[in-house]
Amino acid sequence: MATRVWRSSIRDALFKKPKSGAAGGAVGPRLASTGAGAAPKIPPSSKKGRLLSGTMIGLAIAGGAYVSTADEATFCGWLFKATKFLNPFFALLDAEVAHRLAVSAASHGLVPIEKRPDPAILALEVWGRKFTNPVGLAAGFDKNAEAVEGLLGLGFGFVEIGSVTPIPQEGNPKPRIFRLRQEGAIINRCGFNSEGIVVVAKRLGAQHGKRKMEETSSSLPSSGDEVRPGGKAGPGILGVNLGKNKTSEDAAADYVQGVHTLSQYADYLVINISSPNTPGLRKLQGRKQLKDLVKKVQAACDEMQWAGEGPPPLLVKIAPDLSKQDLEDIAVVALALRLDGLAELAECLERDGFKSIQEAVGADCRQTFHNS
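An unreviewed UniProt entry annotates the protein chain as Dihydroorotate dehydrogenase (quinone), mitochondrial originating from Phoenix dactylifera. Looking at the Cofactor (unreviewed entry) heading of the UniProt record, one finds this comment for the protein chain: "FMN". In its Catalytic activity (unreviewed entry) section, UniProt records this for the protein chain: "(S)-dihydroorotate + a quinone = orotate + a quinol".

Below you can see the structure in the form of structure tokens.
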């Protein structure tokens, strides 16, 4: 397919006839004449144009030859490396403008697509969902589910959209994203800017319908006990991160509304109570407040009608700078209410000296056995 596109482009460039003007003459640079019989002089601009056209045609021929001889995996790797040349351009732009351009490019299919399959050794199964690899894109990049398909196509094992609030809100005043160039990081003070759950639900609904159509038209038989690769939005897993509106007085009602509207499209749900940019949000991390909130959200999930796979797993995103007592309170609630997961697990593993999650499983039991 790629080869045919290159050849078509080359053919059009070489053999396309010039457009005619109103009087029937060719549109293009006029030839200057010094008199009867004198050889026409080509303006410098025309020479530059021909040089540029020749260069482009040469690149097209070279690219077409490369595509025709390289296998898909090799070409895909080359394409991803080539995109690095755009990084200096984005670095010249305002941080939020660069972010918007990146999201727009992904939403319109203007980003590379990873065609190389993930090595089987990277696959893992969590909550009955099969991740082709453990590397995902966190919430905050695609806040409004504009580019889920394009971002999953980049090769992420999962993409988490949001945070999504019930009512659209602008977030904090700009500028609100700041680069830390030496650290290769940014500071995000967006403040839950969101287009709202209605807009996001329409986008996710369209993507979900497309996925169902592809599954229906597929000729591959599937077993009911088989864990399918990918999720509800495509080849990867889709997480939906729920937030509350800045002016809302009933946080639980906001999260319940998000569950009722968006959970049907999610492979997992996240209750975000960690943002320092929303007044009063972190107070929900107290033991009593968190317990009341989680109970209401779980009840909202139970009220809905689900197929055999049941409701999506429920996770809670907590702040990274909590005290030890706060962490213990949250852990008590998470265990008592059987939450499916918490943010910051990797930091806890590193702090306690574990090299992998497998080493941490049953560590307390092993220590008790050795000491007895």
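Enquirer: Is there a simple way to explain the overall build of the protein chain in this structure?
Expert: Helix and strand counts for the protein chain stand at 13 helices and 10 strands. Expressed as a percentage of the 372 residues in the protein chain, the buried residues total 33%. Within the protein chain, residue pairs in contact and separated by at least 24 positions form 66% of the contacts whose partners lie at least 6 positions apart. Looking at the protein chain as shown, the accessible area adds up to about 23,200 Å², and 59% of this sits on carbon and sulfur atoms.

Enquirer: Honestly, the sheet that holds strand β3 (residues 136-137) in this entry has me stumped. Any pointers?
Expert: In a beta sheet, neighbouring strands pair by backbone hydrogen bonds and run either parallel or antiparallel. In space, the 6 strands of this open sheet follow the order β3-β4-β7-β8-β9-β10, with parallel pairing throughout. Looking at which strands have only one partner, the edges of the open sheet turn out to be β3 and β10 (341-342). Bridging between strand β4 (residues 158-164) and strand β7 (residues 237-242) involves 6 bridges; their strand directions are parallel. Among the inter-strand pairings, V164 is bridged to a residue of β7, identified as L242. Relative to β4, helix α7 (residues 197-217) is tilted by about 155°, and along the sheet it contacts β4 and β7. Where helix α8 (residues 251-262) meets the sheet, its contacts fall on β4, β7 and β8 (268-272), and the angle it forms with β7 comes to roughly 150°.

Enquirer: It is not clear to me how the side chain of N133 should be interpreted in this structure. Could you clarify?
Expert: Mapped onto the secondary structure, N133 falls in the loop between β2 (129-131) and β3. N133 sits in the buried class, given a relative accessible area of 4%. One polar contact links N133 to D118, side chain to side chain, over a distance of 2.9 Å.

Enquirer: Got a minute to help me understand the pairing of strand β9 (residues 314-317) in this structure?
Expert: Regular strands show a simple pattern: their side chains alternate between the two faces of the sheet. Relative to β9, β8 runs parallel, the two sharing 4 bridges. For N272, the partnering residue across the bridge sits in β9 and is K317. Read from β8 through helix α9 (residues 287-303) to β9, the crossover connection turns out right-handed. In this sheet, β10 lies alongside β9 in parallel orientation, the contact comprising 2 bridges. Bridge pairing in β10 places V316 opposite L342. Since β9 and β10 lie parallel, the crossover through helix α10 (residues 324-336) that links them has a hand, and here it is right-handed.

Enquirer: It is not clear to me how the packing of aromatic side chains should be interpreted in this structure. Could you clarify?
Expert: When we look at a pair of aromatic rings, we describe it by the centre distance and by the angle of the planes. This model, assessed by the stated rule, comprises 5 aromatic pairs. Between the aromatic rings of W127 and F131, the centroid separation amounts to 6.5 Å while the plane-to-plane angle is 65°, which identifies the pairing as edge-to-face. For W127, a relative accessible area of 29% puts it in the partly exposed group. Judged by relative accessible area, which is 7%, F131 ranks as buried. A ring pair is formed by F158 and Y268, whose centres lie 6.4 Å apart and whose planes are at 70°; its orientation type is edge-to-face. Residue F158 is found in strand β4, and its partner Y268 is found in strand β8; the two are separated by 110 residues along the sequence. This pair shows no difference in class: F158 is buried, exactly as Y268 is.

Enquirer: Help me understand a nonpolar patch on the surface in this model?
Expert: Together, F89, V97 and L101 make up an exposed nonpolar region whose accessible area comes to about 260 Å². With respect to the helices and strands, L101 occurs in helix α5 (residues 95-107). On the basis of relative accessible area, L101 is assigned to the partly exposed category, the value being 37%.

Enquirer: Mind showing me how you'd approach the packing of α7 against α8 here?
Expert: Each pair of packed helices can be summarised by the angle the axes make with each other and by the distance between the axes. Packing of α7 against α8 leaves a shortest axis separation of 10 Å and a crossing angle of 25°. Considered as vectors, α7 and α8 are oriented roughly parallel to each other. When you trace α7 past α8, the crossing you get is right-handed. For the pair α7 and α8, contact is made by I197, V200, A201 and L204 and by Q257, T261 and L262, respectively. Residue composition of the contact of α7 with α8, by class: 5 nonpolar, 2 polar and no charged.

Enquirer: Please explain the pattern of salt bridges as it appears in this structure.
Expert: Proximity of charged atoms lets side chains of opposite charge pair with each other. Across all of its chains, the model carries 8 salt bridges by this definition. Residue E146 is joined to R100 by a salt bridge in which the shortest nitrogen-to-oxygen separation is 3.0 Å. With a gap of 46 residues between them, E146 in the loop between β3 and α6 (148-153) and R100 in helix α5 connect regions that are remote in the sequence. Take R100: its relative accessible area is 38%, and that puts it in the partly exposed class. D321 is the salt-bridge partner of R282, the closest N and O atoms lying 3.0 Å from each other.

So, how was this worked out
Residues numbered from 1 in each chain as written. Predicted model: local features only at pLDDT ≥ 70, side-chain atom pairs only at ≥ 80, totals over all residues. Heavy atoms only, no water. UniProt positions renumbered as here; feature names shortened; annotations may be inferred. Helix = DSSP H or I, 4+ residues; strand = E, 2+ residues; numbered from the N terminus. Buried < 20%, exposed > 50% of the residue type's maximum accessible area, 1.4 Å probe, protein only. Contact = heavy atoms within 4.5 Å. Areas by Shrake-Rupley, 256 points an atom, 1.4 Å probe, with all protein chains shown as cover. Pairing = 2+ DSSP bridges. Axes fitted to C-alpha atoms, helices over the stretch in contact; angles between N-to-C directions. Polar contact = N/O pair within 3.5 Å; in protein donor to acceptor, adjacent residues only side chain to side chain. Right-handed = clockwise from strand over helix to strand, strands pointing away. Phe/Tyr/Trp six-rings, centres within 6.5 Å; stacked < 30°, edge-to-face > 60°. Patch = residues over 30% accessible without salt bridge, like charges linked within 9 Å, V, L, I, M, F, W, Y side chains within 5 Å. Salt bridge = Lys/Arg side-chain N within 4 Å of Asp/Glu carboxyl O. Parallel < 35°, antiparallel > 145°, perpendicular 65-115°, else oblique. Left-handed = near helix turned anticlockwise from the far one by under 90°. Nonpolar A, V, L, I, M, F, W, Y, C, P; charged D, E, K, R; others polar.

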